[in-house]
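Secondary and tertiary structure notes
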Amino acid sequence: MKTAPKHQEIVCQQALVDNVSVFSLQSTVFPIEITVGFSPEKLLERYLDYVRDCSLSIIRPLVLKTGIDFRFLGTNWSLISFLPPEVDTDSVTLQISGGVLVHPCQNGRSKFRFRLETVQGGVSVSLRLSEFCPRLLGNPPPSLVRFWLYRLTQAAIHRMVTTRFLTLLYRELAGYRVAVQVVDISSYAGQPV
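Thresholds applied
Residues numbered from 1 in each chain as written. Predicted model: local features only at pLDDT ≥ 70, side-chain atom pairs only at ≥ 80, totals over all residues. Heavy atoms only, no water. Axes fitted to C-alpha atoms, helices over the stretch in contact; angles between N-to-C directions. Helix = DSSP H or I, 4+ residues; strand = E, 2+ residues; numbered from the N terminus. Left-handed = near helix turned anticlockwise from the far one by under 90°. Contact = heavy atoms within 4.5 Å. Nonpolar A, V, L, I, M, F, W, Y, C, P; charged D, E, K, R; others polar. Phe/Tyr/Trp six-rings, centres within 6.5 Å; stacked < 30°, edge-to-face > 60°. Buried < 20%, exposed > 50% of the residue type's maximum accessible area, 1.4 Å probe, protein only. Core = buried A, V, L, I, M, F, W, Y, C linked by side-chain atoms within 4.5 Å.

1. Section: the packing of helix α1 (residues 40-54) against helix α2 (residues 144-174)
In contact at an axis separation of 11 Å, α1 and α2 are set at 115 degrees when each is read in the N-to-C sense. You can see that α1 and α2 cross each other, and the crossing is right-handed. Between α1 and α2, the contacting residues are L43, R46, Y47, Y50 and C54 on the first element and V161, T162, R164, F165, L168, L169 and E172 on the second. Of the residues assigned to the contact of α1 with α2, the class counts are 8 nonpolar, 1 polar and 3 charged.

See below:
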């Protein structure tokens, strides 16, 4: 029988790329035995449940035929909207299609990917947001005020939600708690957010 890990390390990076879009990655490695039967689709499903729970249902992910909306309370007001999930063998990708938090000239290029990948030592579980253009940053290049406003609000909330989600998911699948260490990395070029 394997001994339980003493801690969970979550690597994290958030960067403003070329003053145009945001890249964000949160990733951790789970012991392979706790991920048996777990899939990228289940990862997305658990994330949607977690967003509802951690926001006390202020943000309500709603799965529709047209995609997924993160709705504010019980309204039709979508904070962020996604096209239907693109499912691959090791990932589920959501393409951002609009919403109040998204810059109007987003052009549908940003993606939010949920991935499970077998690596040495276990299974890498990662959440990756790429080419996201937040409305809060305004037109490129963002002003210093807009940059700091985004960094202290939307970016901080995204980081907190995703790292806490990975922590709680580990605990749920493993059945026990471990100490968590969040490590900032800079593997993707850009200005740290």
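2. Section: the packing of aromatic side chains
For the coordinates displayed, the defined rule picks out 11 aromatic pairs. Ring centres of Y47 and F112 lie 5.7 Å apart, and the angle between their planes is 85 degrees; this geometry places the pair in the edge-to-face category. Taken together, the residues span a long stretch of sequence, with Y47 in helix α1 and F112 in strand β8 (residues 111-119) at a distance of 65 residues. This pair shows no difference in class: Y47 is buried, exactly as F112 is.

3. Some thoughts on the nonpolar core
Grouped together as the largest cluster of nonpolar side chains are 40 residues, with contacts concentrated most on L43, Y47, F70, F82, F112, F114 and F165. The contacts of F82, once residues within four sequence positions are left out, are T66, G67, I68, F70, L94, Q95, I96, S97 and F112.

4. Let's talk about unusual backbone geometry
Looking along the chain, the bond that leaves P140 and enters P141 is cis, with omega of -10 degrees. Assignment of secondary structure puts P141 in the loop between β9 (122-132) and α2. With a phi angle near 65 degrees, S57 is a residue other than glycine that sits in the positive phi range. Within the secondary structure layout, S57 lies in the loop between α1 and β3 (59-64). Of note in this structure, E131 is not a glycine but carries a positive phi near 55 degrees.

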